[in-house]
Amino acid sequence: MRISVIGCGYLGAVHAACMADFGHEVVGVDIDQTKIDRLAAGVPSFHEPGLEPVLRKGVESGALTFTTDKSAIGDARVHFIAVGTPQGGGSYAADMSYVWTAVDDILAHARPHADGPLVIVGKSTVPVGTAQAIADRVAEAGLDAVVVWNPEFLREGFAVQDTQAPDRVVYGLPDDVLAGDTGRAVLDEVYAPIIAAGIPRLLVNYATAELVKVAANSFLATKISFINSMAELCDASGADVTRLAEAIGHDERIGPKFLQAGIGFGGGCLPKDIRAFMARAGELGVDQSLTFLREVDSINMRRRDHAVDLATSMAGGRLVGVKVAVLGLTFKPDSDDVRDSPALDIAGRLWGRGANVVATDPAGAAAVRSQRPDLHIVDTADEALEGADLVMLLTAWKDYLAIDPAHAKSLVATPRIIDGRNVLDAHAWADAGWDYRGMGRTASTW
Ligand code: UDX
């Protein structure tokens, strides 16, 4: 199958590479020449474990090409829209301009196909109602094409696995049975290995497919904020949120995942998706249905305030001139993404309060160096720890989990640590002589 993927960011680049790996002929299009040059050379433009070999294989075989020339999509039967929908300036709503530009590009360059109607597959996270609006626009333009909405659930750090073997696939299909069936059949062919593996495939209408994505992200965000609100109660009462999460997680109805309390969620999806969802609910006249997400957002942002306040109190009430070693800047490990990263936000706020912040990150350092030249970034944890008055572990990179507390103690000026992700062995650090503070966690006997 000849496929085009419009937008080669996180979602699009991974999708294009994985579709070529499925045996299709794929062209990825993006307006960013630097990104395209890297991808065309088989080099990912971001840190994603497992992507490079898949990308390289596709590029070297000739099945996968990347270009800024939009007319290159002309021969494809299937056009994937994989552009970003960031939070719009000055509002909670998603900025949909890239999606509409992608639609215009398809209308300008797609050529009718001998095998039947073209299939336009939306993968971007969009406000409910978008798929129908695109289908209407395509029909008005007279292009023989079926629009299918096929949300993407990939996690950074697991993007290849989540694309090639997802938990489920969702096809949002048009009400017209014939058109819907064409869309389903073509997408089944594109995803043949996924279908053959028996991965659940749900056929739903457009609105349901669009909502599935934001509902899933809202649920995940709610789960994280729930456990973070429990962390606040644990702090106030002397309980340990990690043990509490473990105990409630044994209940199958609750489950143990996404109950890691800490400095909260960030990244390019959860924060902006719950906000865009609230904005869309307002437009639909059902804003009350999602007012709880405002609280989810507030609890999440409060975690950052709490981390800064805790740092200030551990440093004796002021941060001016205090050397703080920050371990981790990305929004989560195995990613170089610092978009809306709680770690970077906290590092910046500490700096704003006069701390001498020395930060490090295995993958995010380059992005931070260009975005926040005011922050002092070093290459290794040891360099950051040297002479520190306070250590803050803010992203749970494996390297940091393996730090020996006795070794770290030999480097710092004062052995004080805030474990912003509750991932260190509290007893081991306390036993090694550290003043250890987790987030809603104590180093008590039990
Ligand atoms: C998320 C969704 O998981 C994915 O399905 C969707 O397609 C895109 O958005 P991602 O942004 O890659 O994926 O990150 P995710 O693994 O969900 O983590 C989001 C944030 O929550 C990170 O900052 C992470 O550190 C934080 N988190 C996660 C917690 O604070 N506690 C947890 O228990 C889990």
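Counting restarts for each chain, with residues numbered from 1 along the sequence as it is written. In keeping with the predicted nature of the model, local features appear solely for residues at pLDDT of at least 70, side-chain atom pairs appear and are counted solely at 80 or more, and the whole-chain, interface and lining totals rest on all residues. Side-chain numbers come from the whole structure's heavy atoms, not from hydrogens or water.

Draft legend 1. Broad picture of the site of the ligand. In the neighbourhood of the ligand, 20 residues make up the surrounding shell, with F153, L154, E156, Q260 and F331 lying closest. Between the ligand and L154, the relevant distance is 2.8 Å, taken from an oxygen atom to a main-chain nitrogen or oxygen of the residue. Within 3.5 Å is the distance limit for a polar contact, defined as a pair of N or O atoms, with the added protein rule that one can donate a hydrogen and the other accept it, and that residues adjacent in sequence qualify only through two side-chain atoms. The backbone of L259 places a nitrogen or oxygen atom 3.3 Å from an oxygen atom of the ligand. Note on areas: Shrake-Rupley, 1.4 Å probe, and residue coverage restricted to the protein chains presented here. Within the complex, 90% of the 670 Å² of free accessible area of the ligand lies under protein. Ranked by residue count, the leading element in the shell around the ligand is helix α9 (residues 206-237), at four residues. Taken together, the residues of the shell around the ligand sort by class into 10 nonpolar, four polar and six charged. Delimitation of the domains relies on an automatic or database domain assignment. Of the domains in this structure, domain 1 (2-199) and domain 2 (217-438) are the two that each give at least three residues to the shell around the ligand. Whether a residue is near a molecule or strand is decided by its heavy atoms; if any one of them lies within 4 Å of it, the residue is near. Labels follow the DSSP assignment, with helices taken as runs of H or I lasting at least four residues and strands as runs of E lasting at least two, numbered in each case from the N terminus. Three categories are distinguished: nonpolar for Ala, Val, Leu, Ile, Met, Phe, Trp, Tyr, Cys and Pro, charged for Asp, Glu, Lys and Arg, and polar for the others, with Gly belonging to the last.

Draft legend 2. Structural view of the environment of P362. Within the secondary structure, P362 is located in the loop between β10 (356-360) and α14 (365-371). Separated by 29 residues in the primary sequence, P362 and P333 place their C-alpha atoms 8.9 Å from one another. Look past the residues within four positions of P362 in its chain and what remains in contact with it is W397, D399 and Y400. Contacts are assigned to residue pairs with any non-hydrogen atoms lying within 4.5 Å of each other.

Draft legend 3. Structural detail: the sheet that holds β10. At least two bridges found by DSSP between two strands are what make those strands a pair. What the six strands build is an open sheet, ordered β11-β10-β9-β12-β13-β14; its pairing is parallel. In the strand order of this sheet, the two ends are held by β11 (376-377) and β14 (435-437), each with one partner. Across three bridges, strand β12 (residues 390-393) lies against strand β13 (residues 416-419) in parallel orientation. From the neighbouring strand, V391 faces β13, where its bridge partner is I417. With axes taken as lines fitted to C-alpha atoms, and helix axes fitted only over the stretch in contact, angles between N-to-C directions fall between 0 and 180 degrees. Contacting β12, β13 and β14, helix α12 (residues 291-314) crosses the sheet at an angle of about 170° to β13.

Draft legend 4. A look at the domain arrangement of the protein chain. Annotation of the protein chain at the domain level lists domain 1 (2-199) and domain 2 (217-438). Placing the centre of domain 1 and that of domain 2 at their C-alpha centroids yields a distance of 33 Å. Note: buried area is the sum, over both parts, of the accessible area (probe 1.4 Å) each one loses when the two are combined. Together domain 1 and domain 2 conceal approximately 1,400 Å² of surface at their shared face, both sides included; 54% is due to carbon and sulfur atoms. The largest contributions to the domain 1 side of the interface with domain 2 come from H47, Y92 and E156, which together make up 48% of the buried area. A pairing counts as a salt bridge when a side-chain nitrogen of Lys or Arg comes within 4 Å of a carboxyl oxygen of Asp or Glu. Scanning the region where domain 1 abuts domain 2 turns up one salt bridge. Between R339 and E156 there is a salt bridge, with the nearest N and O atoms lying 3.3 Å from each other. Taken together, the residues of the side of domain 1 that touches domain 2 sort by class into eight nonpolar, six polar and two charged.

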